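Chain residues, written in single-letter form:
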Amino acid sequence: MTRVFFVRHAQPEHNYPDDRTRPLTEEGAADAKIVLDTLKDKEIDCFYCSPYKRSLSTIQETADYYGRSIQTDERLREREKGRDGNNHGMFQKRWADHDYHEEGGESIRMVQARNIEALQEILEANRGKNIVIGTHGTALSTIMNYYNPEFGCNDFLRIIDWMPYIVEMDFEGQEMIAITEHAYIEKEFKGNAQADKK
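The structure reproduced in this document is the subject of the present report. (Residues numbered from 1 in each chain as written. Predicted model: local features only at pLDDT ≥ 70, side-chain atom pairs only at ≥ 80, totals over all residues. Heavy atoms only, no water.)

### Observations regarding the pattern of salt bridges
Then, number 1: Counting across every chain of the model gives 20 salt bridges.
Then, number 2: A salt bridge links Arg75 to Glu121; the shortest N-O distance between them is 2.9 Å. Highlighted residues: Arg75 in the loop between β3 (70-72) and α4 (91-96) and Glu121 in helix α5 (residues 108-125), separated in sequence by 46 residues.
Then, number 3: A salt bridge links Glu124 to Arg127; the nearest nitrogen and oxygen atoms lie 3.1 Å apart.
Then, number 4: One connected set of salt bridges, linked through shared partners, spans Arg20, Glu74, Arg77, Glu80, Glu106 and Arg114. (Salt bridge = Lys/Arg side-chain N within 4 Å of Asp/Glu carboxyl O. Helix = DSSP H or I, 4+ residues; strand = E, 2+ residues; numbered from the N terminus.)

### Let's talk about the pairing of strand β2 (residues 46-49)
Then, number 1: Where burial is concerned, the two faces of β2 agree: the one with Cys46 and Tyr48 and the one with Phe47 and Cys49 are both buried.
Then, number 2: With four bridges connecting them, β2 and strand β4 (residues 130-135) associate as parallel partners. The residue of β4 that forms the bridge with Cys46 is Ile131.
Then, number 3: As judged from the three bridges shared by β2 and β3, these two strands associate in the parallel manner. Bridge pairing in β3 places Tyr48 opposite Gln71.
Then, number 4: In this view, the connection linking β2 to its parallel neighbour β3 by way of helix α3 (residues 53-66) has right-handed handedness. (Buried < 20%, exposed > 50% of the residue type's maximum accessible area, 1.4 Å probe, protein only. Pairing = 2+ DSSP bridges. Right-handed = clockwise from strand over helix to strand, strands pointing away.)

### Observations regarding the environment of Met110
Then, number 1: For Met110, the location among the structural elements is in helix α5.
Then, number 2: Sequence-wise, Met110 and Thr142 are 32 residues apart; in three dimensions their C-alpha atoms are separated by 9.4 Å.
Then, number 3: Not counting residues up to four positions away in its chain, the partners in contact with Met110 are His101 and Gly105. (Contact = heavy atoms within 4.5 Å.)

### Some details on the nonpolar core
Then, number 1: In terms of nonpolar packing, the biggest core is built from 31 residues, with Phe6, Leu119, Ile133 and Tyr147 touching the most fellow members.
Then, number 2: Sorting elements by how many residues they give to this core places α5 first, with six residues.
Then, number 3: Each residue touching Ile133, except ones within four places of it in the same chain, is listed here: Val4, Phe5, Phe6, Val7, Tyr48, Leu76, Leu119 and Ile122.
Then, number 4: Grouped together as the second largest cluster of nonpolar side chains are 14 residues, Ile44, Ile59, Ile166 and Ala183 included. (Core = buried A, V, L, I, M, F, W, Y, C linked by side-chain atoms within 4.5 Å.)

### Let's talk about the sheet that holds strand β6 (residues 175-186)
Then, number 1: Spatially, the six strands line up as an open sheet ordered β3-β2-β4-β1-β5-β6, and their pairing is mixed. For this open sheet the edge positions go to β3 and β6, each flanked by a neighbour on one side alone. Pairwise comparison of adjacent strand axes, ignoring direction, gives a mean angle of 20° for this sheet.
Then, number 2: Relative to strand β5 (residues 162-172), strand β1 (residues 2-8) runs antiparallel, the two sharing seven bridges. Note that in β5 the partner of Arg3 across the bridge is Asp170.
Then, number 3: Across the sheet, α3 is in contact with β1, β2, β3, β4 and β5; its angle to β2 comes to roughly 170°.
Then, number 4: The sheet strands contacting helix α6 (residues 137-147) are β1, β4, β5 and β6, and the helix crosses β5 at an angle near 30°. (Axes fitted to C-alpha atoms, helices over the stretch in contact; angles between N-to-C directions.)

### Side note on the packing of aromatic side chains
Then, number 1: Tallied over the full model, the rule gives nine aromatic pairs.
Then, number 2: When the centroid spacing of 5.9 Å and the interplanar angle of 55° are considered together, the rings of Trp95 and Phe151 count as tilted. Placement of the pair is Trp95 in helix α4 and Phe151 in the loop between α6 and α7 (153-159), with a sequence separation of 56 residues. As far as burial versus exposure is concerned, Trp95 and Phe151 are alike and both buried.
Then, number 3: Site record: aromatic cluster; members linked through ring pairs are Phe91, Trp95, Phe151 and Phe156. (Phe/Tyr/Trp six-rings, centres within 6.5 Å; stacked < 30°, edge-to-face > 60°.)

Next comes the structure, spelled out in structure tokens:
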């Protein structure tokens, strides 16, 4: 069995202008310690991550604990936001139609395709190992939807405030056979999401 521990990043500085280099808040950096507390007895063999700073920072202490390097993969990045991409009123639109996206942005299906491609390669290269993947809210949600098509917008909104969030998926080959939520810390998602959550 191959075990993958997906770690959605801790709370970032939401007003930071560049998505790729957005750092964690002081609280987020402190909250990232739950990742090590959760994974320090899981005998982790390897670490993969989105190249975004907030994801790397969230799993760095745990990688250091195991004496492992973190391999980044551009395909594991978060959804690209286009024009009006921060208008969170479009959550329902994107989840209702996985091909829908704003101008210059990515659809759910586009994010899912590249994340699943990366995950399947990681699984093939690390059969029988315990793996950590540093990820993002939408990216992780598209992976969960791939293995459970019933996962939709309400499920995405359930976890939107969980930063960090640690969920384990167990695989036999490429088949996902079990999923277990391990830990999360609730932090308010900044933006216009509250209107969507009512």
